[in-house]
Amino acid sequence: MEQNTPKFRLRLNLFDGIVLLIVLAVGAVVLWTALKPQAPAANATPQSTSTVRYTVRFQRMPEGTSQLVEPGDQLTDSVKNFAIGTVVSAQAVPVETQVLDHVHRRNVLSSQEGFEDVIAVVEAPCSANGESITVGGGYILRVGATAYIKGEGYMVSGPIIAMEVEGEQ
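Residues numbered from 1 in each chain as written. Predicted model: local features only at pLDDT ≥ 70, side-chain atom pairs only at ≥ 80, totals over all residues. Heavy atoms only, no water.

1. Regarding the environment of Val 156
Tracing the chain through its elements places Val 156 in strand E8 (residues 154-166). Taking the C-alpha atoms as reference points, Val 156 and Met 61, 95 residues apart in sequence, are found 7.6 Å from one another. (Helix = DSSP H or I, 4+ residues; strand = E, 2+ residues; numbered from the N terminus.)

If you want it as structure tokens, here you go:
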């Protein structure tokens, strides 16, 4: 007696063929991206590490809570949790806002009762290229930008009002 062993035949319908082609294409793309050499950036500027001192105005803190901001506090960005420096000094100042004077038709500065601003000087190691200053591995500092900051026992926001880069290494 002879044993009947059928020959292997691959029968694919149209749907199986399309799925097989997609899987092969995805595999080829993954293999190509894994094996291709890294090209050096043509317009990259060299990074330099140094220290930055910047001043932030914490706005509209309830009166008396400025005591929470002390030199030595570690600050982090409350949005993406980047470490953004250490408080060097903090000073409470009265809140001044612009109010419309209806009689003389102009804006005048007026103090707000019950609130105070804190002007904090923060120091952090940074990496600087020709275009931006980055602290904490990814937080980009810009004068005039609003920073959302948390410290030990407080969360505040306010603009960065001054910045000074010290000693490049």
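2. Digging into a nonpolar patch on the surface
Judged by side-chain polarity, Phe 8, Leu 10, Leu 12, Leu 20, Leu 21 and Leu 24 come together as a nonpolar surface patch covering roughly 710 Å² of accessible area. Of the residues examined, Leu 20 reaches a relative accessible area of 43% and is grouped as partly exposed. (Patch = residues over 30% accessible without salt bridge, like charges linked within 9 Å, V, L, I, M, F, W, Y side chains within 5 Å. Areas by Shrake-Rupley, 256 points an atom, 1.4 Å probe, with all protein chains shown as cover. Salt bridge = Lys/Arg side-chain N within 4 Å of Asp/Glu carboxyl O. Buried < 20%, exposed > 50% of the residue type's maximum accessible area, 1.4 Å probe, protein only.)

3. Quick notes on the pairing of strand E4 (residues 106-128)
Pairing between strand E3 (residues 83-101) and E4: 14 bridges, direction antiparallel. Bridge pairing in E4 places Thr 86 opposite Glu 123. Turn length for the E3-E4 hairpin, with the two strands adjacent in sequence and antiparallel, is four residues, and the turn residue Arg 105 shows positive phi of about 55°. Where E4 meets strand E5 (residues 133-135), three bridges bridge the pair, whose relative direction is antiparallel. Paired with Ala 128 across the two strands is Ile 133, which belongs to E5. (Pairing = 2+ DSSP bridges.)

4. Some remarks on unusual backbone geometry
Despite not being glycine, Arg 60 has its phi angle at roughly 55°, a positive value. Mapped onto the elements, Arg 60 comes out in strand E1 (residues 48-62). Within the chain, Arg 105 stands out as a residue other than glycine whose phi angle is a positive 55°. Structurally, Arg 105 is set in the loop between E3 and E4.

5. Observations regarding the side chain of Ser 66
Considering the arrangement of structural elements, one finds Ser 66 in the loop between E1 and strand E2 (74-77). Assessed through its relative accessible area of 9%, Ser 66 is described here as buried. Among all residues touching Ser 66, those that are not within four sequence positions of it are Met 61, Ala 92, Glu 116 and Val 118. (Contact = heavy atoms within 4.5 Å.)

6. A word on the pattern of salt bridges
In this structure the tally under the stated criterion is three salt bridges. When the shortest N-O distance is used, the salt bridge between Arg 53 and Glu 123 registers 2.8 Å. Taken as a pair, Arg 53 in strand E1 and Glu 123 in strand E4 lie far apart in primary sequence, 70 residues in all. Of the residues examined, Arg 53 reaches a relative accessible area of 30% and is grouped as partly exposed. For Glu 166, the salt bridge is made with Arg 53, and the minimal N-O distance between the two is 3.6 Å. On the criterion of sequence distance, the pair formed by Glu 166 in strand E8 and Arg 53 in strand E1 is long-range, its members being 113 residues apart. Judged by relative accessible area, Glu 166 falls into the partly exposed class, the value being 28%. Several salt bridges share partner residues, and in doing so they unite Arg 53, Glu 123 and Glu 166 into one network.

7. Side note on the environment of Val 143
As for its placement among the helices and strands, Val 143 is situated in the loop between strand E6 (139-141) and strand E7 (146-151). As a C-alpha pair, Val 143 and Gly 17 span 126 residues in sequence and 58 Å in three-dimensional space. What Val 143 contacts, discounting residues up to four positions off in sequence, is Ile 160, Ile 161, Ala 162 and Met 163.

8. Observations regarding the nonpolar core
If you look at the biggest cluster of nonpolar residues, it comprises 24 residues, and the most contacted ones within it are Val 52, Tyr 54, Phe 58, Leu 75, Val 135, Leu 141 and Ile 149. Listed by contribution, the elements that provide at least two residues to this core are E1, E3, E4, E5, E6, E7 and E8. When residues in this core are grouped by element, the largest group, six residues, is from E4. In contact with Leu 75, not counting residues within four places along its chain, are Phe 58, Phe 82, Ala 83, Ile 84, Gly 85, Val 87, Val 122, Ile 149, Lys 150, Gly 151 and Tyr 154. (Core = buried A, V, L, I, M, F, W, Y, C linked by side-chain atoms within 4.5 Å.)

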